[in-house]
Amino acid sequence: MISKKKSGKRQAANNFIFDNCQYLPQHGQETMSAVGSSSRAIRQQRKQLVVVGKTKTSPTPPSTQKTNKPKRPRSQSKSKRRKYFICKGNNSILIMRSFKTRSGWSPAKGPEEADFIWSQYSKKVFFDFSHTRSKPRSINHLTGNACLVTKNGLYNSLRKYHEKNSTDLWRSVPVTFHLKSGVDNAEKQRFLKAAATDHTSTTDSVENTTPSPKYWIVKPASATNRGVGIRVYDNVEEVFKLVNKHSVSKQEHQEENENENDKEKTTTTTTDGQTKDKKLTKKKKTKGHREWVIQRYIHNPLLYKGRKFDIRVFVLLVTRSNGKRTECYVFNDGYLRTSSKKFTLDPNKLSDLMMHLTNDGIQCKGGADQYGKHEEGNKLSYETFDTYLTKTSPEKRGAMTNTILPRIKELVHESIDATHHNLNSKNRSHCFELLGYDFMVDDELKTYLIEINSNPCLEDWSCPLLRDMLPVLLDKVLTKVTGTASASTTSTHRLEKNDREREALAQKARAKYTVMDANVAREFELVGKWVSIV
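Residues numbered from 1 in each chain as written. Predicted model: local features only at pLDDT ≥ 70, side-chain atom pairs only at ≥ 80, totals over all residues. Heavy atoms only, no water.

Engineer: I'm lost on helix α8 (residues 151–165) in this one. Help?
Structural biologist: Three- or four-residue spacings in an α-helix give side chains the same orientation, since the helix completes a turn every 3.6 residues. The end-to-end C-alpha distance of α8 is 21 Å, a good match for the 21 Å that 15 residues give at a rise of 1.5 Å each. Of the residues one or two after α8, Ser-166 is the one with positive phi, at around 55°. (Helix = DSSP H or I, 4+ residues; strand = E, 2+ residues; numbered from the N terminus. Expected span 1.5 Å × (residues − 1).)

Encoded structure:
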């Protein structure tokens, strides 16, 4: 027996159908008789009944209705992702890891389809790719950077800058000259005059008044790094012997040009049986370096435990405002590169580059018994060096923070002020460059700019100091350039969980603070802005 409650619901459903449905003629009495059969039949019939112009469905409460939003086409969502292309070399794996922590980026198959290109050296083909305001292409080099990153370009730029401003160039760099093989010009005469003048000076100690010897350090003017081709001499004759070693006379120069234009013809047979002449260009024979930079050797360098060192500082240049504005930033943390042997001015040991040069390329040649013997990877933090100065020379307490680093920022600003009008001459936007500045300090705390590298070493295998610092450095570079922040505080978060050593390294890299001050985060600090006048 059906209860009154169920019977009332059934009657209400029947009334709803009779009052609201208009049946088509072909349904007739068959549909009407099926309505009163049972509640199950009514529910089934309710789904089958056809209303004029639409299918009748049972109403659902507003709170439970689902709205089907149109999905974005898959191709449209992929087109908005930007692509990066990282050339191999100089720890490119670390750069790719840093990109993997950023949303909206995916690797490109080739540089022509990439929105971001990173390479060790500047290549003209990258700048020939299409570049528009709606689809910019970021490249990690600036055109015209030879005035800054080559030894002769930097010297000539700074010399013109100081002559224009009537300031002393030798406060910024050691006494320097640019000589060419077999060329007798005004620069050569200046060098001979400086070499003939007695610039020897006595030491600060009253007891020791022995004059310091006058040495010259000779470097190839361009296209070299890692200490290649550098020599130290104590007399002018040896200097000119090296400089003029590859000099070329006018007749030899003409013959060389003829050889470059001379091409051999070889006959080849095509698939059609026709002969075709193919031109082969003779390879140009390299005759060594013909331009050299000669610097007065700093005879009184500031030492760390009796050994020489230099300071590596990272500088970032970024173009903004359609390439018309150049911004310069200095990374507020760096490191010292130390030599493996005790320093001495003994003229019999001038050929020992392990003592006189601090480049990694030179120090690594000393073998496992020398490289890393005193400091791991021959690297030293700012904090360790400042602590050493405080213990050994209380009068130099805090010199790294209060004297050396502020002077370094002044020299960085000066170098960009002298060269900004030659950098990025075509005003290309979204270009940047990470530079490695090298500085030396004498025992009077005078800081000198030695050289600037367009491809600073980013390898972190040598010591924990670099493994801690470089992931943060690259993360800050990509954030500053791409405008997309990393989703993780470290670029090594995708390492395998079972690799305990790397996981411990990732934990260290999460502490993005300088070793000088735990309250100051590692960051790029703005040094200056320059606007090009077209």
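Engineer: Could you clarify how one ought to interpret the pairing of strand β15 (residues 335–338) in this entry?
Structural biologist: Within a regular strand, side chains alternate between the sheet's two faces. Where burial is concerned, the two faces of β15 agree: the one with Tyr-335 and Arg-337 and the one with Leu-336 and Thr-338 are both buried. Pairing of strand β13 (residues 309–320) with β15 involves 4 bridges; the strand directions are antiparallel. The residue of β15 that forms the bridge with Asp-310 is Arg-337. (Buried < 20%, exposed > 50% of the residue type's maximum accessible area, 1.4 Å probe, protein only. Pairing = 2+ DSSP bridges.)

Engineer: Honestly, the environment of Glu-376 in this entry has me stumped. Any pointers?
Structural biologist: Mapping Glu-376 onto the fold places it in the loop between α13 (360–363) and β16 (379–380). Taking the relative accessible area as the measure of exposure, Glu-376 reaches 49% and is therefore partly exposed. In the structure, Glu-376 is positioned 86 residues away from Ser-462 in sequence and 7.1 Å away in space, judged by C-alpha atoms.

Engineer: Is there a simple way to think about unusual backbone geometry in this case?
Structural biologist: Residues other than glycine seldom take positive phi values, yet Asn-322 does so here, at roughly 55°. Residue position: Asn-322 is located in the loop between β13 and β14 (325–331). The partly exposed category is assigned to Asn-322, whose relative accessible area is 43%. With a phi close to 50°, Asn-424 is a non-glycine residue in the positive phi region. Residue placement: Asn-424 occurs in the loop between α15 (399–419) and β17 (432–441).

Engineer: Looking at this model, I keep getting lost on the layout of surface pockets. Mind explaining?
Structural biologist: Left-over empty space is what a probe sized like a water molecule reveals as it rolls over the atoms. In this model, the second largest pocket occupies a volume close to 620 Å³. For the second largest pocket, the lining is made up of 31 residues, of which Thr-224, Asn-225, Asn-453, Ser-454 and Asn-455 are closest to its centre. Sorting the residues of the lining of the second largest pocket by element identifies α7 (146–149), β15, α13 and β18 (447–453) as the ones contributing at least two each. Ranked by residues supplied to the lining of the second largest pocket, first place goes to β18 with 3 residues. Tallied by class, the residues present in the lining of the second largest pocket amount to 9 nonpolar, 14 polar and 8 charged. (1 Å grid on protein atoms, 1.4 Å probe; cavity = no way out; pocket = protein on both sides within 12 Å on 5 of 7 lines; lining within 4 Å. Points joined across faces, edges and corners; volume = space filled by probe spheres on them. Nonpolar A, V, L, I, M, F, W, Y, C, P; charged D, E, K, R; others polar.)

Engineer: Would you mind going over the nonpolar core with me for this structure?
Structural biologist: Counting residues in hydrophobic clusters, the biggest one holds 53 residues, and the most contacted among them are Leu-148, Ile-311, Val-313, Phe-385, Tyr-437, Phe-439 and Leu-449. Per-element tally for this core: the top contributor is α15, with 9 residues. With near-sequence residues (within four places) excluded, Phe-385 lies in contact with Leu-302, Tyr-304, Phe-309, Leu-336, Leu-380, Met-400 and Ile-404. (Core = buried A, V, L, I, M, F, W, Y, C linked by side-chain atoms within 4.5 Å. Contact = heavy atoms within 4.5 Å.)

Engineer: Hey, could you run me through the packing of aromatic side chains in this one?
Structural biologist: How two aromatic rings sit relative to each other is given by the distance of their centres and the angle of their planes. All told, the structure shown has 19 aromatic pairs when counted by the stated rule. Geometrically, the ring pair formed by Phe-126 and Phe-129 is tilted, given 6.2 Å between the ring centres and 40° between the ring planes. Classification of Phe-126 as buried rests on a relative accessible area of 4%. Relative accessible area serves as the criterion here: at 18%, Phe-129 is assigned to the buried category. Between Tyr-304 and Phe-385 the ring centres are 6.4 Å apart and the planes differ by 55°, which places this aromatic pair in the tilted class. Placement of the pair is Tyr-304 in the loop between β12 (291–296) and β13 and Phe-385 in helix α14 (residues 382–392), with a sequence separation of 81 residues. Note on accessibility: Tyr-304 and Phe-385 belong to one class, buried. Put simply, the rings of Tyr-84, Phe-99, Trp-105, Phe-116, Trp-118 and Phe-432 touch in pairs and so form one group of aromatic residues. Just above the ring of Tyr-329 sits the side chain of Lys-480; from NZ or CZ to the centre is 4.4 Å. (Phe/Tyr/Trp six-rings, centres within 6.5 Å; stacked < 30°, edge-to-face > 60°. Lys NZ or Arg CZ within 6 Å of the ring centre and 35° of its normal.)

Engineer: Just checking my understanding: could you explain the sheet that holds β12 for this structure?
Structural biologist: Hydrogen bonding along the main chain pairs the strands of a sheet, whether they run parallel or antiparallel. The strand order across the open sheet formed by 4 strands is β7-β12-β8-β9, and the pairing between neighbours is antiparallel. Two strands in the sheet have a free side with no partner beyond their single neighbour: β7 (176–180) and β9 (231–233). Going across the sheet, the axis of each strand differs from the next one's by a mean of 25°, ignoring polarity. Running over the sheet, α8 touches β7, β8 (216–220) and β12 and is turned about 125° from β7. In the packing of helix α9 (residues 186–196) onto the sheet, contacts are made with β7, β8 and β12, and the angle to β7 comes to roughly 130°. (Axes fitted to C-alpha atoms, helices over the stretch in contact; angles between N-to-C directions.)

Engineer: I would appreciate a short explanation of the environment of Ile-139 in the present structure.
Structural biologist: Here Ile-139 shows up in strand β6 (residues 138–139). Of the residues examined, Ile-139 reaches a relative accessible area of 1% and is grouped as buried. Expressed as a C-alpha distance, the spacing of Ile-139 and Lys-123, which sit 16 residues apart in the sequence, is 9.9 Å. Discounting residues that sit within four places of it in the chain, Ile-139 has contacts with Ile-117, Phe-126, Phe-127, Arg-428, His-430, Cys-431 and Phe-432.

Remember, this is a structural readout, not a statement about activity or role.
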